[in-house]
Amino acid sequence: MELPVQGEKSQITELVGTTVLDTIGLVIPNVDVQLRARMDYLNDYRSIGILSSRTGAAGQINAIDEAVKRTNCEVLSIQLPRDTKGWGGHGNYIVIGAANEADAREAIALALSYTKYYAGELYISGEGHLELTYSAHAGEAIQKFFHAPAGEAFGFVAGSPAAVGMVMADTCMKAGDVTLLRYMDADHGTSHTNEVILAFTGDASAVESAVRAARGVGLGLLSALGSEGIPVGKPYLI
Amino acid sequence: MELPVQGEKSQITELVGTTVLDTIGLVIPNVDVQLRARMDYLNDYRSIGILSSRTGAAGQINAIDEAVKRTNCEVLSIQLPRDTKGWGGHGNYIVIGAANEADAREAIALALSYTKYYAGELYISGEGHLELTYSAHAGEAIQKFFHAPAGEAFGFVAGSPAAVGMVMADTCMKAGDVTLLRYMDADHGTSHTNEVILAFTGDASAVESAVRAARGVGLGLLSALGSEGIPVGKPYLI
Amino acid sequence: MELPVQGEKSQITELVGTTVLDTIGLVIPNVDVQLRARMDYLNDYRSIGILSSRTGAAGQINAIDEAVKRTNCEVLSIQLPRDTKGWGGHGNYIVIGAANEADAREAIALALSYTKYYAGELYISGEGHLELTYSAHAGEAIQKFFHAPAGEAFGFVAGSPAAVGMVMADTCMKAGDVTLLRYMDADHGTSHTNEVILAFTGDASAVESAVRAARGVGLGLLSALGSEGIPVGKPYLI
């Protein structure tokens, strides 16, 4: 896994790095006391790590999930603003707490690397987009946001415009023995995105197969809408 | 009325077709049982038709209204995500229920054709947009979403940025003897769009005149903002 | 201060003018009675002025604040739709009430001029944006929206993607003796924008310094993300 690009132009000490999807990773070693009092989700943490992107949600949640598994950090807040730079989905704004700056920095550096890796299953066409993610073992971030059972396999599929996502969701659920965790659409659980989103769990091979089945139908529907969905990175579900 | 383009590249059985405004029409003959349990708005329907677009709301609601009038289907859900591909308005995600796949497919094919027709009164400029729609007889979709009286004439005007829509709304109400049904803005009834939206009813000729009056002032204001509003199709209110 | 461009192409009597950021200023001398009954925020005003833009929030609120200070008008509604023409922030839709059309027209003409001036501290890059504003004396609009104490200095900083804004907010609070008024993010007080926003008050020189400190770090972070933030006008905080 490549290390994230360090922002060479900047001497800003909070900067950890940047990567694809207009993603930036930052740390604050000692958050201002008035801000801590106002931002209830910080709990009593003074050292925080921050990841946010203009485009993407599930991939970055998965990236934070991996980062928190490997470091001594806690997920404090996962927010999904309405963004995607003019497309119909989410960006993200994720805050983690750490005992000290070094732990926060290590976790955010890992999250930037995983963000690049997981961007391989985000597809953008001239008309819409798909986002897919898969984890063999749901950690803290995935449990917190998607109510996934700890340590179990986790799958996520989203398609935009929303009708594409709905057929992907149905395809997933029929592809094998998987259990629905969350169904989200413009009026249910999203920031009014033009997506249908499905999160699910089950046996690892069943979950992975379901994500791949949804990807196939989603890419076909994007193509029918006018142009091919192009992955932002290297697809990792072979 | 032209038939929608069939997605020739795709063998996906759920695909009915696609049309302007990044609109896709799909059917699911037998929605997965876990999804049905979670999506309360499906009621007990197993066969559904789905229409969604990146851009446009009222035209597609009007299109579904016409489709449901002519087929044996029921409107289950009308959602308006924040979209328009970087512009300040809505896209749409509409689900209808049918007794069987054939009925759903027929309705969605009709809705795609009407979507193309009604796109003639959606105008996009470099700075903003207008959306207008008119129905001589409000059917189920228009009644459900806009609280229009059954079978009466229905008018809808929206302008973005919102100030344009507000002057259009005022122009409408003063253009003749019409009755206000819904007023919507960023904080009232929209998905935080940059629009003012007005829905109204009344005598057919008064409603149609009011829509045309609002169109005139709206196109003038778009022009003042910098460039002409271009209709997506052929304007149908002559 | 330059006068706003008059919409020469348009004979629409409601038009006051247009300016940067797809901003339009309008008046309605006598709002339709049905609209007045529905739009509760109009109170009993018949003459209103309207300002709205595709991009920008704090600058335009500050512009209205200056306009209302200098005229006989009242701020009725400040709404911040999710817009910015594909970027991660707000547009605006602001309505003021006046005793008559002339007062409304004077206030909106002033607000258009100030909008152009305050746009000097709005920076847009290929990846994100910053918005900053400063007022030496908070008037009615700033008090209403940001809960600022009357007549005191007021500062506002926002950065997108949200992590950029969070470091700007922390920088502000640490830059000197300032008091936090509002903290806003995708889930708190915004229309789901991809921003962190901070509003604060304090001694005039401390507030201005804090805004400049946040601007420095924000521009550095935008640069690290890939390209320089370009001001929409002439920066006024030297």
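No experiment lies behind these values; they were computed from the predicted model shown. (Residues numbered from 1 in each chain as written. Chains lettered and ligands numbered in written order. Predicted model: local features only at pLDDT ≥ 70, side-chain atom pairs only at ≥ 80, totals over all residues.)

1. Observations concerning the interface of chain A and chain C
Inclusion rule: Our contact criterion uses C-beta atoms placed from the backbone: two residues qualify when those atoms are within 7 Å. In DSSP terms, a helix is any run of H or I states spanning at least four residues, a strand is any run of E spanning at least two, and both are numbered starting from the N terminus. Think of it as three bins: nonpolar holds Ala, Val, Leu, Ile, Met, Phe, Trp, Tyr, Cys and Pro, charged holds Asp, Glu, Lys and Arg, and polar takes everything else, Gly as well.
Every contact between the two is made by 33 residues of chain A and, on the other side, 29 residues of chain C. Of all the secondary structure elements, the ones that give two or more residues to the side of chain A that touches chain C are β1 (15-19), β2 (23-28), α1 (33-38) and β3 (47-53) of chain A. Here the side of chain A that touches chain C is built from residues that sort into 13 nonpolar, 11 polar and nine charged.

2. Remarks on the relation of the copies chain A and chain C
Filter applied, for reference: In superposing the copies, a least-squares fit is computed on C-alpha atoms, taking residues whose pLDDT is at least 70 in both.
With an RMSD of 0.0 Å, chain A superimposes on chain C once it is rotated by 120° and translated 0.0 Å along the axis. Look at the turn and shift together and you get a three-fold axis relating the two. Nearest to the rotation axis, the C-alpha of Gly-86 of chain A is located 2.4 Å from it, this being the minimum over chain A. In this assembly the copies use different faces: only 9% of the residues contributing to the interface of chain A also contribute to that of chain C.

3. Concerning the relation of the copies chain C and chain B
Expressed as a screw operation, the relation of chain C to chain B combines 0.0 Å of axial shift with a rotation of 120°, fitting to an RMSD of 0.0 Å. Here only 9% of the contact residues of chain C are again contact residues in chain B; the copies associate through non-equivalent surfaces.

4. Some remarks on helix α6 (residues 204-225) of chain B
For an α-helix, 3.6 residues make a turn, and residues three or four places apart therefore share a direction. To keep things clear, this is the line we draw: By this rule, a helix spans an expected 1.5 Å times one less than how many residues it contains.
Taking 1.5 Å as the rise per residue, α6 of chain B with 22 residues should run 32 Å; its terminal C-alpha atoms sit 32 Å apart, in good agreement. A positive phi of about 145° marks Gly-226 of chain B, the residue just after α6 of chain B.

5. A short note on the sheet that holds strand β10 (residues 196-202) of chain B
Residue and element names in this part refer to chain B. Formally: Being paired, for any two strands, means DSSP has found at least two bridges between them. Lines fitted to the C-alpha atoms define the axes, with helices restricted to the stretch that makes contact. Angles between their N-to-C directions range from 0 to 180 degrees.
If you trace the six strands from one edge of the open sheet to the other, you get β9-β10-β8-β7-β6-β11, paired in antiparallel fashion. Lying at the two open borders of the sheet, with one neighbouring strand each, are β9 (178-184) and β11 (230-231). Pairing analysis gives two bridges linking strand β6 (residues 122-124) to β11, with the strands arranged antiparallel. The residue of β11 that forms the bridge with Tyr-123 is Pro-231. Along the sheet, helix α2 (residues 58-69) contacts β6, β7 (129-135) and β8 (153-160); its crossing angle with β7, the most-contacted strand, is approximately 20°.

6. Structural notes on the domain arrangement of chain A
All names here are of chain A. To be explicit about the condition: Residue ranges for the domains trace back to a domain assignment, done automatically or taken from a database.
Taken domain by domain, chain A comprises domain 1 (15-119) and domain 2 (123-231). On a C-alpha basis, the centres of domain 1 and domain 2 stand 22 Å from each other. Between domain 1 and domain 2, the contact holds 21 residues from the first and 21 residues from the second. Every element with two or more residues in the side of domain 1 that touches domain 2 is listed here: α2 (58-69) and β4 (73-79). Tallying contributions element by element places α2 first for the side of domain 1 that touches domain 2, with eight residues. For the side of domain 1 that touches domain 2, the per-class residue count stands at 11 nonpolar, seven polar and three charged.

7. A few points about the nonpolar core
A general trend in soluble globular proteins is that nonpolar side chains are found buried together. Going by this rule: A set of buried residues drawn from Ala, Val, Leu, Ile, Met, Phe, Trp, Tyr and Cys, joined through C-beta atoms within 7 Å, is what defines a nonpolar core. Every C-beta atom is placed from the backbone, and the number of other C-beta atoms within 10 Å of a residue's own sets its class: buried at 20 or more, exposed at 12 or fewer, partly exposed in between.
Within the largest apolar cluster, 273 residues are counted, with the highest numbers of intra-cluster contacts made by Ile-96 of chain A, Ile-96 of chain B together with Ile-96 of chain C. Dropping the residues within four chain positions of it, Ile-96 of chain C is found in contact with Ile-48, Gly-49, Ile-64, Val-68, Cys-73, Glu-74, Val-75, Leu-76, Ala-104 and Ala-107 of chain C.

8. Side note on the packing of α2 of chain A against helix α3 (residues 101-118) of chain A
All names here are of chain A. Here is the rule: Any angle from 65 to 115 degrees is called roughly perpendicular, while one under 35 is roughly parallel, one over 145 is roughly antiparallel, and all others are oblique. Left-handed describes a crossing whose near helix is turned anticlockwise from the far helix by less than a right angle; the clockwise case is right-handed.
Remark: α2 packs on α3, axes separated minimally by 8 Å, with the N-to-C direction vectors making an angle of 140°. Taken together, the axes of α2 and α3 lie oblique to each other. α2 and α3 meet at a crossing whose hand is right-handed. Contact with α2, carried on its side by Gly-59, Gln-60, Asn-62, Ala-63, Ile-64, Glu-66, Ala-67 and Val-68, involves Ala-107, Leu-110, Ala-111, Tyr-114, Thr-115 and Tyr-118 of α3 and no other residues of that element. Tallied by class, residues from the contact of α2 with α3 come to nine nonpolar, four polar and one charged.

9. A look at the pairing of strand β2 (residues 23-28) of chain C
Residues and elements named next belong to chain C. Along β2, six of the six residues are buried, which leaves the element largely enclosed by surrounding structure. As judged from the four bridges shared by strand β1 (residues 15-19) and β2, these two strands associate in the antiparallel manner. Residue Thr-18 lies in a different strand from β2, and its bridge partner there is Ile-24. Remark: three residues form the turn of the hairpin made by β1 and β2, two consecutive strands paired antiparallel; Leu-21 in that turn has positive phi of roughly 65°. Inspection of the sheet shows β2 paired to strand β3 (residues 47-53) by six bridges, in the antiparallel sense. Bridging across to β3, Thr-23 finds its partner in Ser-53.

10. Description of the sheet that holds β1 of chain A
Strand order in this open sheet of five strands is β1-β2-β3-β5-β4 (chain A), and the pairing throughout is antiparallel. The open sheet has two edge strands with one neighbour each: β1 and β4 of chain A. If you compare each strand with its neighbour and ignore which way they point, the axes differ by 15° on average. Direction of pairing for β2 of chain A relative to β3 of chain A: antiparallel, over a ladder of five bridges. Along β3 of chain A, the bridge assignment pairs Gly-25 of chain A with Leu-51 of chain A. Packing of helix α6 (residues 204-225) of chain C onto the sheet brings it into contact with β1 and β2 of chain A, and relative to β1 of chain A it is tilted by some 40°.

11. Overview of the environment of Gly-128 of chain C
Topologically, Gly-128 of chain C is positioned in the loop between β6 (122-124) and β7 (129-135). With 31 C-beta atoms counted inside 10 Å, the residue Gly-128 of chain C sits in the buried group. Distance in space between the C-alpha atoms of Gly-128 of chain C and Ser-223 of chain C is 9.7 Å, their sequence separation being 95 residues. For Gly-128 of chain C, the residues in contact, after removing those within four places along its chain, are Asp-22 and Arg-54 of chain A together with Gly-88, Ser-160, Pro-161, Val-164, Leu-222 and Leu-225 of chain C.

12. A closer look at the environment of Asn-194 of chain B
Tracing the backbone shows Asn-194 of chain B in the loop between β9 and β10. You can call Asn-194 of chain B buried: it has 38 C-beta atoms within 10 Å. Leave out the neighbours within four places in its chain, and Asn-194 of chain B touches Gly-88, Ser-160, Pro-161, Ala-162 and Ala-186 of chain B together with Arg-54, Pro-81, Asp-83, Gly-91 and Tyr-93 of chain C.

13. Topic: unusual backbone geometry
Each neighbour pair has its own omega, and for Ser-160 of chain A with Pro-161 of chain A the value is 0°, a cis peptide bond. Within the secondary structure, Pro-161 of chain A sits in the loop between β8 (153-160) and α5 (162-175). Even without being a glycine, Lys-85 of chain B presents a positive backbone phi close to 55°. Mapped onto the elements, Lys-85 of chain B comes out in the loop between β4 (73-79) and β5 (92-98).

14. Details of the interface of chain C and chain B
It is common to give the size of an interface as the accessible area that goes away when the parts come together. Each side of the interface is counted separately: chain C has 33 residues, and chain B has 29 residues. Counting only elements with at least two residues in the side of chain C that touches chain B, the list comes to β1, β2, α1 (33-38) and β3 of chain C. The element that contributes the greatest number of residues to the side of chain C that touches chain B is β3 of chain C, accounting for four residues. For the side of chain C that touches chain B, the class distribution of residues is 13 nonpolar, 11 polar and nine charged.

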